[in-house]
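Listed here are the chains, written in short residue letters.
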Amino acid sequence: MIEAYKRDSLFRDINSNGEANPGDILLYTVTITNEGNATATGVTYSDTVDANTNLICSGPDAPTTSQGSILNCTAGAGGSLQVNLGEIAPGGSATITYKVEIRRGNFTQVINQGVVRGTNFPNEVTDDPDTIPEDDLTIVPVQGTVGGDPPIWGDIMAFL
Ligand SMILES: [Ca+2]
Ligand SMILES: [Ca+2]
Ligand SMILES: [Ca+2]
């Protein structure tokens with residue numbers, strides 16, 4: 001049985017306010033663990049990031065994997081990542097990291113979920129380990145916009 005967790009963290013907080021805002025960079029850390037008794041084979045991981053974020057594919061902030069290789073990375077808004085992990089032995093795990101830049105626009109959260117596929121186990125979607133529900137979306141609240149953009153009506157409604 002494969003388990004996959006997707007943690008989010010604020011990697012670069014350009015306005016140093018401790019909140020996720022447009023222009024900030026989020027780090028996703030995906031941990032894929034084989035909790036079964038058989039070696040998982042043909043393991044791949046794929047993710048299409050939120051359309052309000054730019055996936056970073058090159059430079060020091062490019063995706064990393066603890067094993068296998070990055071098969072494909074399409075940078076930019078709603079970009080996609082594919083990682084070939086190969087085999088994961090029982091009790092073994094692999095870690096993938098990637099970063100996205102939050103875009104400007106009318107939205108209040110960044111939503112994302114990846115999927116693990118393999119040749120001898122059912123597809124497994126990622127779970128946000130910080131929330132109680134299993135296999136749920138990883139959601140990052142985004143506070144407003146940087147640089148004095150007008151308030152968004154949807155933001156106000158959310159507090160009523
Ligand atoms: Ca799970
Ligand atoms: Ca910030
Ligand atoms: Ca959860």
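Right above here is the structure, for reference.
Let me sum up the structure you'll find in this document. It should be emphasised that the depicted structure is a prediction, and the values quoted were computed from it without experimental measurement.

When helices and strands are counted, the protein shows 1 helix and 13 strands. Mapped from its N terminus to its C terminus, the protein presents α and β elements in the order β-β-β-β-β-β-β-β-β-β-β-β-β-α. Over its C-alpha atoms the protein spans a radius of gyration of 17 Å, differing by no more than 12% from the 15 Å that the globule rule assigns to 160 residues. For the C-alpha atoms alone, the extent of the protein along its principal axes is close to 55 × 35 × 20 Å. Expressed as a percentage of the 160 residues in the protein, the buried residues total 29%. Put simply, of all contacts in the protein between residues at least 6 apart along the chain, 72% involve residues at least 24 apart.

Below, the discussion takes up the sheet that holds strand β8 (residues 80–88). Read across the open sheet, the 5 strands follow the order β6-β8-β3-β11-β12; overall the sheet is antiparallel. The sheet is open, and its two edges are formed by β6 (69–74) and β12 (124–125), each paired on a single side.

A separate point is the pairing of strand β13 (residues 138–141). Residues Thr138 and Val140 of β13 are buried on one face, while the alternating residues Ile139 and Pro141, pointing to the opposite face, are not. In this structure, strand β10 (residues 109–112) lies alongside β13, joined through 4 bridges in antiparallel fashion. Bridged to Val110 within β13 is Val140.

Sheet topology note: the strand β3 (residues 40–48)/β8 ladder contains 7 bridges and is antiparallel. Counterpart to Val43 in the pairing with β8 is Gly86. Here 3 bridges tie β3 to strand β11 (residues 115–117), and the two strands are oriented antiparallel to one another. Bridge pairing in β11 places Ser46 opposite Val115.

The biggest cluster of nonpolar side chains holds 26 residues, and the ones touching the most others in it are Leu26, Ile32, Tyr45 and Leu85. Looking at this core, the elements that each hand over two or more residues are β1 (2–12), β2 (25–34), β3, β8 and β9 (93–102). The leading source of residues in this core is β9, at 5 residues.

You will see that Ser16, though not glycine, has its phi angle at about 50 degrees, which is positive. Here Ser16 shows up in the loop between β1 and β2.

As a further point, take the environment of Ala62. Summarising the element assignment, Ala62 is placed in the loop between β4 (53–55) and β5 (64–65). Sequence separation of Ala62 and Cys73 is 11 residues, and the distance between their C-alpha atoms is 9.1 Å. Other than its neighbours up to four places away in sequence, Ala62 contacts Ile56 and Cys57.

Cut-offs used in this document
Residues numbered from 1 in each chain as written. Chains lettered and ligands numbered in written order. Predicted model: local features only at pLDDT ≥ 70, side-chain atom pairs only at ≥ 80, totals over all residues. Helix = DSSP H or I, 4+ residues; strand = E, 2+ residues; numbered from the N terminus. Rg over C-alpha atoms; globule rule 2.2 N^0.38 Å. Buried ≥ 20, exposed ≤ 12 C-beta atoms within 10 Å, placed from the backbone. Contact = placed C-beta atoms within 7 Å. Pairing = 2+ DSSP bridges. Core = buried A, V, L, I, M, F, W, Y, C linked by C-beta atoms within 7 Å.

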